[in-house]
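# A closer look at the structure
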There are 4 protein chains.
Amino acid sequence: MTNKDRPKYQQIIQAALEVIAENGYHASQVSKIAKKANVADGTIYLYFKNKEDILISVFRERMGQFIHKIKNAIEDKETASEKLLTLIQMHYAQLTESPYLAKVTQLELRQSKPELRREINKVLKSYLDVIDSIIEHGIKEKEIRDDIHPRLMRQMIFGTIDETVTTWVMKNERYNLLDQVEDVHSLLLNGLTKKN
Amino acid sequence: MTNKDRPKYQQIIQAALEVIAENGYHASQVSKIAKKANVADGTIYLYFKNKEDILISVFRERMGQFIHKIKNAIEDKETASEKLLTLIQMHYAQLTESPYLAKVTQLELRQSKPELRREINKVLKSYLDVIDSIIEHGIKEKEIRDDIHPRLMRQMIFGTIDETVTTWVMKNERYNLLDQVEDVHSLLLNGLTKKN
Amino acid sequence: MTNKDRPKYQQIIQAALEVIAENGYHASQVSKIAKKANVADGTIYLYFKNKEDILISVFRERMGQFIHKIKNAIEDKETASEKLLTLIQMHYAQLTESPYLAKVTQLELRQSKPELRREINKVLKSYLDVIDSIIEHGIKEKEIRDDIHPRLMRQMIFGTIDETVTTWVMKNERYNLLDQVEDVHSLLLNGLTKKN
Amino acid sequence: MTNKDRPKYQQIIQAALEVIAENGYHASQVSKIAKKANVADGTIYLYFKNKEDILISVFRERMGQFIHKIKNAIEDKETASEKLLTLIQMHYAQLTESPYLAKVTQLELRQSKPELRREINKVLKSYLDVIDSIIEHGIKEKEIRDDIHPRLMRQMIFGTIDETVTTWVMKNERYNLLDQVEDVHSLLLNGLTKKN
DNA sequence: TATGAATGAGCCTTCATTCAT
DNA sequence: TATGAATGAAGGCTCATTCAT
């Protein structure tokens, strides 16, 4: 049984997620996480190398599941358009379900030290890969234009989704993110211009 | 003569910008800023309330100019499409010209404490207002579709531009951001879909 | 069967000796000793009251044997001069044979807490007694001068031997300690002065 | 004005010496030293790199003076015998005058980490050099025997003096160390043997 | 006996801010 | 205005010891 399967590991991960969401990254002392996880301060260090390792693990574990679910949901879909719709829908749905994760990913983890950022970006990379594969598929099937560098397309997709979630989190999640799925999908596919 | 007009005020602002860009947010001690600005530590506190106030001022001053220049450039343009093209072009141009500002806005200041983020967002708000006014103008002139909430459009525009810049900064600015202006503009206006 | 006769007791003592010699006193955690002794951390506490008790026991056991052997070897000798020669020879020989013991007694255990030092000194006392008995014998037989307090003589003998060993250990035992036996013996008996 | 000339530097050195002498090396927290020196904890770090640096400095400063005074006193003396007598006398006199220094050098500083030991040995080296120069002088003048390696002679001299002081400190300085000067001098010069 | 996961007290160091000059 | 020496609160981490199994 590895560390990750032990109940205390997940207990600490969850506690860390909540503490960061509630207090912000900078006010998240190890002792606070330990208390919320109902373990002694020292116990933390049986499961994690140091404070940074806790935070990286929170992100890796949670975003890992997050991305995994999206990947699964997309597989079935035929067209790039459907795949993108599903991605947006799943992205919004999961963050709606887990406000802690939303708060932490959109706000708190952006306040982290360079080394931590680097680790976060590794995880993020695998999400961007998912988006890239949708674009590639769309281009191959001639659904998506091929006159623009795919990297820019991915940046538009991720940038847009990310910005809509950030706004929603900063507005304290007062509206329903899922109501925007179709409109965001339409915007990304068709752009701003009025067609007639 | 207010504080802002005194030479030391600008001296400290500039020093802070450079120190953050060079050392990162977390390694930007007041003493380092003071040294770079050639003033004593204590002198900082004659011009700024506290450390946070320095950072907010950096952002306010620099982003103020940044936004002001974009506003000016856009005024002349007739169509929403032209205005948007100019905004993208100016956004990229200014950050290309000032690598310090790019590094600080895209990476370092996102690592700041919640209170600081809030102040930064106030400044950012006036940039988002500029984007909103372009959209509003476009809708009125029937250039821009009116079936989608303008807020979502603005989020796509800002999210996309922001994400392209972040990628560029994280790639150590190894390519020319300005080469992407037309493509980003086309993507935002026309979306991903292949037209025929 | 007392603790001392159980195999694990000696196992832990030997492990402690090696761990201290290899890692130094300050890096000798109980867990490290347990691992080297192939027992669980908790097992240590079935045989020893606490960490200090391990260290004292190491010293007591090893120095006990050390002193015992010297005592035995001296018994046979007739004169104080011969006894002293044998003591020096045995002292050097045993530490040459056991580099762990040398490193630990000369360097590492001197870095211990006052309480531990006190215990160590109790053991040392019995070694000093051996030296005292040689001196006493020599005085009685008129081999050794009686115009100087025997305590000072013992301090010269022990101080000199101890200092020569410390130097040797700090020079990483690069020369043969036993080569010095006769010279040290001559120095202690005859002093520094040139006779003619 | 360098750090060393500022009053607080000496204030902290003296406080550290007293704290170590009173509490032992291991119970000498930085905060305790700061309190005794009447400065804030942080102030310590304006004058010393870290805790170890305080301890090294204590030793360097105090032993520096110690050795300097002995060197001066020896210069005048003609013969090796007189020089040695003066060295013993000065060694005992200075430690008698400064019980703190005695306690720290004989007991506490031997309980230090390897890096600290190394620094201490550097200082000690210059004391051993003084002893070596006496021996060399004595050999040249045919006062001291030349059939024994001078290093062994030095080890006897230092080992003996050191051991006599250690015993005295451990006996809580209950007798007068200076009473032993002539006897120790006689022992070192003439050895243990009864002459007739 | 034996285990080893869990405990939690303890401490060095940083750095934003102050204030006497 | 300007200085910079001094302040002191705050927190991550280690490791000897315990105890449920």
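Residues numbered from 1 in each chain as written. Chains lettered and ligands numbered in written order. Predicted model: local features only at pLDDT ≥ 70, side-chain atom pairs only at ≥ 80, totals over all residues. Heavy atoms only, no water.

## A short note on the packing of aromatic side chains
- Considering all chains together, one arrives at twelve aromatic pairs over all chains under this definition.
- Taking 5.1 Å as the distance between ring centres and 15 degrees as the angle between the ring planes, the aromatic pair formed by Tyr9(C) and Phe48(C) counts as stacked. You can see Tyr9(C) sitting in helix 1 (residues 7-23) and its partner Phe48(C) sitting in the loop between helix 3 (41-47) and helix 4 (51-76), a full 39 residues away along the chain.
- Look at Tyr127(D) and Phe158(D): their rings are 6.1 Å apart centre to centre, the planes differ by 75 degrees, and that puts the pair in the edge-to-face class. Linking Tyr127(D) in helix 7 (residues 114-140) with Phe158(D) in helix 8 (residues 150-170), this pair joins segments that are 31 residues apart in sequence. Accessibility assignment for this pair places Tyr127(D) and Phe158(D) in one class, buried.
- Note that Arg151(A) overlies the ring of Tyr175(B), its terminal NZ or CZ placed 4.6 Å from the centroid. (Phe/Tyr/Trp six-rings, centres within 6.5 Å; stacked < 30°, edge-to-face > 60°. Helix = DSSP H or I, 4+ residues; strand = E, 2+ residues; numbered from the N terminus. Buried < 20%, exposed > 50% of the residue type's maximum accessible area, 1.4 Å probe, protein only. Lys NZ or Arg CZ within 6 Å of the ring centre and 35° of its normal.)

## Focus: the relation of the copies chain B and chain A
- When chain B is fitted onto chain A, the two copies agree to an RMSD of 0.3 Å after a turn of 179 degrees and an axial shift of 0.0 Å. Taken together, the rotation and translation relating the two chain copies correspond to the operation of a two-fold axis.
- Both copies contact each other with a shared surface, as 98% of the interface residues of chain B are interface residues in chain A too. (Least-squares fit on C-alpha atoms with pLDDT ≥ 70 in both. Contact = heavy atoms within 4.5 Å.)

## Thoughts on the interface of chain B and chain A
- Each partner contributes to the interface: chain B provides 42 residues, whereas chain A provides 41 residues.
- Taking both sides of the interface into account, the surface hidden between chain B and chain A amounts to around 4100 Å²; carbon and sulfur atoms contribute 59%.
- Looking at the side of chain B facing chain A, the largest losses of area belong to Arg145(B), Leu192(B) and Lys194(B), adding up to 18% of the total buried there.
- Our count for the chain B to chain A interface comes out at two salt bridges.
- Close ionic contact of Lys194(B) with Asp146(A) constitutes a salt bridge, the shortest N to O distance being 3.6 Å.
- Inspection of the chain B/chain A interface yields 18 residue pairs in polar contact (both at pLDDT 80 or more).
- Elements with a contribution of two residues or more to the side of chain B that touches chain A: helix 7 (114-140), helix 8 (150-170) and helix 9 (181-190) of chain B.
- Broken down by element, the side of chain B that touches chain A gets its largest block of residues, 13 residues, from helix 8 of chain B.
- Partitioning the side of chain B that touches chain A into residue classes produces 16 nonpolar, 14 polar and twelve charged. (Buried area = accessible area lost by both parts, 1.4 Å probe. Salt bridge = Lys/Arg side-chain N within 4 Å of Asp/Glu carboxyl O. Polar contact = N/O pair within 3.5 Å; in protein donor to acceptor, adjacent residues only side chain to side chain. Nonpolar A, V, L, I, M, F, W, Y, C, P; charged D, E, K, R; others polar.)

## Observations concerning the protein's contact with DNA strand F
- As a structural note, the neighbourhood of DNA strand F is formed by 28 residues, with Arg6(B), Thr43(B), Tyr47(B), Thr43(D) and Tyr47(D) the closest of them.
- Counted by atom, the contact set of DNA strand F within 4 Å of the protein is 73% sugar and phosphate.
- Tyr45(A) places a side-chain nitrogen or oxygen 2.8 Å from a phosphate oxygen of DNA strand F.
- Within the side chain of Thr43(D), one N or O atom sits 2.3 Å away from a phosphate oxygen of DNA strand F.
- At the level of elements, helix 3 (41-47) of chain A, helix 3 (41-47) of chain B, helix 3 of chain C together with helix 3 (41-47) of chain D are the ones that each hand at least two residues to the surface near DNA strand F.
- Here the element with the most residues in the surface near DNA strand F is helix 3 of chain B; it accounts for five residues.
- When the residues that make up the surface near DNA strand F are grouped by side-chain class, the tally is twelve nonpolar, ten polar and six charged. (Near = heavy atom within 4 Å.)

## Some details on the protein's contact with DNA strand E
- By nearness alone, 28 residues border DNA strand E, and Thr43(A), Tyr47(A), Arg6(C), Thr43(C) and Gln29(D) come closest of all.
- Between DNA strand E and Tyr47(A), the relevant distance is 2.5 Å, taken from a phosphate oxygen to a side-chain nitrogen or oxygen of the residue.
- Looking at which element gives the most residues to the surface near DNA strand E, the answer is helix 3 of chain C, with five residues.
- Residue classes in the surface near DNA strand E are distributed as twelve nonpolar, ten polar and six charged.

Geometric values such as these leave the question of function open.
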